[in-house]
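Residue-level structural notes
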Amino acid sequence: MTTVEQAEKLILAQLKDYGNETVPFEQALGKVLAEPILADRDLPPFNRVTMDGIAVSYDALQNGINTFKIKATQAAGDEPATIDEPNECIEIMTGAVLPASADTVIRYEDVEIRAGQACVYVQDIKKGQNIHPRGIDKKQGDVLAASGQMVTPAIISLAASVGKTHLLVKKTPRVVIISSGDELVDVDQIPSPYQIRKSNSYTVKAVLKQHGLQADVLHIPDDPEVTKIQIQHCLQNYDVLLLSGGISMGKFDYIPQALEDLQVENIFHKVAQRPGKPFWFGRDKDGALVFAFPGNPVATFVCLHRYFLTWLNATLGLPQQLPVYAVLDKDFEFLPALQYYLQVKLKSNQHGQLMASPVEGNGSGDFANLADTEAFLELPLERNEFKKGEVFRVWKF
Ligand SMILES: Nc1nc2c(c(=O)[nH]1)N[C@H]1C(S)=C(S)[C@@H](COP(=O)(O)OP(=O)(O)OC[C@H]3O[C@@H](n4cnc5c(N)ncnc54)[C@H](O)[C@@H]3O)O[C@H]1N2
Ligand code: MOO
Ligand SMILES: [Mg+2]
């Protein structure tokens, strides 16, 4: 059977460039930049006052002057005022331009203002204090964010500050989420005693949304002909099909046969892991990728994160996430020859270690305990006993 490592490698061999698009900068969150963001002017663009107070000439202080006549008051955004005499100062606010005739700012806390005069009553004043010098952060034309970086809230702020109303970003693949099964009813329906409500598609859609991806949703009934027609339509209209359910050995699991009839190349079917063993992965002749996840909700959840998101990051050119490791805080045994994804809660201890506590559950159909799960500990395939204190890779979701 295909191992997790082999499955990952086969999936990562299917990367594709979906091109670029221009989007309003506020809609670029989570997308990948396809152009650098450059400083349109120096940052800061002028000598920026960083404390509310008075602006003076340092030489005046050096020459023993400590009482200054307030010549003007300058707010942030005002044109700079000027001082003509050494014993003059300007009342000045945070964010204002430092006047060319001053070089030092003294906070209100360190002066006393009375009758139009400011008296400085502290000693240790440094030349140039409380000023954020022009261009010290970045020079005009410097790269503020590089092409290939993911747009974070900090990058949105950069785009806004340099007046980039639109950003060129990598196009994401067109994704359709497909659930299947006649036992599933819509969320707003009352299920019969033999039915359940659909939930997988909503989980998948929510996870994609967290990663800045929109997707359409479709449900396929357990009918081989309808299954084939619907999947064919999706292969023609989407880049990625994310299916859940209908891929195991049940009499009504029509998905693998439909994919075969539609000549979608099966790259692998079944991975030596739990949950998620029946996972089916393939590609049609025009390049559409099919991730057909097992229907059990925890299996869909694990496979979506472990495989689809890994593929998505790679296809968008983002660096693979550095592995995170955690310490198992309790002995655990798992006998099948499968790589086990153990549901855990995480806590960091006083030694700076990440501790993983297993979340008791009832298998991959137990989606209720996903709400208590913070991560999955990846337990090696070749072992059955895992001891308290051992370190394993952890996948945080
Ligand atoms: N004889 C065997 N039977 C099964 C095997 C096996 O190896 N041999 N594997 C088991 C494993 S592991 C899994 S996981 C499931 C995978 O089954 P399918 O992918 O065929 O999924 P379904 O049969 O359609 O559904 C399984 C389960 O999940 C529920 N489900 C499905 N879709 C949704 C949805 N959108 N929202 C909520 N719940 C969903 C469905 O009702 C079933 O309870 O096969 C085992 N069987
Ligand atoms: O994928 Mo199944 O959920 O391995 O139990
Ligand atoms: Mg089934």
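As shown above, the structure is provided for reference.
Keep in mind the model is a prediction, meaning the values are calculated, not measured. (Residues numbered from 1 in each chain as written. Chains lettered and ligands numbered in written order. Predicted model: local features only at pLDDT ≥ 70, side-chain atom pairs only at ≥ 80, totals over all residues. Heavy atoms only, no water.)

1. A short note on the site of ligand 2
Threshold: Proximity criterion: a residue is near a molecule or strand once any of its heavy atoms comes within 4 Å of it. Polar contacts, as used here, are pairs of N or O atoms within 3.5 Å; protein pairs need one atom able to donate a hydrogen and one able to accept it. Residues neighboring in sequence count only if both atoms are side-chain atoms. Residue polarity is assigned by list, with Asp, Glu, Lys and Arg as charged and Ala, Val, Leu, Ile, Met, Phe, Trp, Tyr, Cys and Pro as nonpolar; anything else, Gly included, falls into the polar class.
The environment of ligand 2 is made up of Arg274, Pro275, Gly276, Lys277, Pro278, Pro294, Asn296, Ala299 and Ser364. Between Gly276 and ligand 2, the recorded distance is 2.5 Å, taken from a backbone N or O atom to an oxygen atom. In the environment of ligand 2, an oxygen atom lies 3.5 Å from a nitrogen or oxygen atom belonging to the backbone of Lys277. Grouping the amino acids of the shell around ligand 2 by side-chain chemistry returns 4 nonpolar, 3 polar and 2 charged.

2. Quick notes on the side chain of Asp239
Here is the rule: Elements are defined by DSSP. Helices are runs of H or I of four residues or more, strands are runs of E of two residues or more, and each kind is numbered from the N terminus. Whether a residue is buried, partly exposed or exposed follows from its accessible area with a 1.4 Å probe, protein chains only, as a fraction of its type maximum: under 20%, in between, or over 50%, in that order. Contacts: residue pairs with any heavy atoms within 4.5 Å of one another.
Along the chain, the position of Asp239 falls in the loop between α5 (224-237) and β17 (240-244). Taking relative accessible area as the criterion, Asp239 reaches 11% and is therefore assigned buried. In this structure Asp239 touches Tyr18, Pro173, Arg174, Gly287, Ala288 and Leu289, once residues within four positions along its chain are discounted.

3. A look at the coordination of the magnesium ion (ligand 3)
Rules: With water omitted from the atoms examined, metal sites may look incomplete; donors here are N, O and S atoms no farther than 2.8 Å from the metal, or 3.2 Å in the case of Na, K and Ca.
Protein coordination of the magnesium ion (ligand 3) is provided by Asp253 (OD) and Asp253 (OD), with donor distances spanning 2.3 to 2.5 Å. For Asp253, the position within the fold is in the loop between β17 and α6 (255-261).

4. A closer look at the nonpolar core
As a rule of thumb, soluble globular proteins bury nonpolar side chains together. For clarity, the threshold we go by: Put simply, buried Ala, Val, Leu, Ile, Met, Phe, Trp, Tyr and Cys residues joined by side-chain atoms within 4.5 Å make one nonpolar core. Each domain's limits were defined by an automated method or a database of domain assignments.
If you look at the biggest cluster of nonpolar residues, it comprises 38 residues, and the most contacted ones within it are Leu208, Leu242, Phe279, Phe291, Tyr307, Phe308 and Trp311. Only α1 (4-12), β13 (175-180), α4 (200-210), β17, β18 (265-269), β21 (289-293) and α7 (297-315) provide two or more residues apiece to this core. There are two domains that each give this core at least three residues, and those are domain 1 (4-18 + 172-315) and domain 4 (324-396). Non-local contacts of Phe308, meaning those with residues more than four positions away in its chain, are made with Val175, Leu208, Leu213, Val240, Leu242, Phe291, Phe293 and Cys303.

5. Structural notes on the site of ligand 1
For clarity, the threshold we go by: Surface exposure here means Shrake-Rupley accessible area, sampled with a 1.4 Å probe, where a residue is shielded only by the protein chains that are shown.
Neighbouring residues of ligand 1: 17 residues in total, closest Glu183, Ser199, Gly246, Ser248 and Gly295. Between ligand 1 and Ser248 there is a distance of 2.9 Å, counted from an oxygen atom to a backbone nitrogen or oxygen. Between ligand 1 and Asn296, the relevant distance is 3.3 Å, taken from an oxygen atom to a main-chain nitrogen or oxygen of the residue. Look at ligand 1: alone it shows 870 Å² of surface, and the protein chains cover 70% of it. The class makeup of the residues in the shell around ligand 1 is 6 nonpolar, 8 polar and 3 charged.

6. Quick notes on the sheet that holds β17
Where we set the bar: When DSSP locates at least two bridges between a pair of strands, those strands are taken to pair. Lines are fitted to the C-alpha atoms to define the axes, a helix being fitted only along its stretch in contact, and any angle between axes, read from their N-to-C directions, falls within 0 to 180 degrees.
Pairing within the open sheet is mixed, and its 6 strands lie in the order β16-β13-β17-β21-β20-β18. One side of each edge strand has no neighbouring strand; the edge strands of this open sheet are β16 (215-220) and β18. Strand-to-strand, the axes of this sheet are offset by a mean angle of 20°, without reference to chain direction. Sheet analysis places β18 next to strand β20 (residues 280-283), joined by 4 bridges and oriented antiparallel. By the bridge assignment, His269 is partnered in β20 with Trp280. Contacting β13, β16, β17 and β21, α5 runs over the sheet at an angle of about 165° to β16. Taken strand by strand, α7 contacts β13, β17 and β21, and its axis lies near 160° from that of β21.

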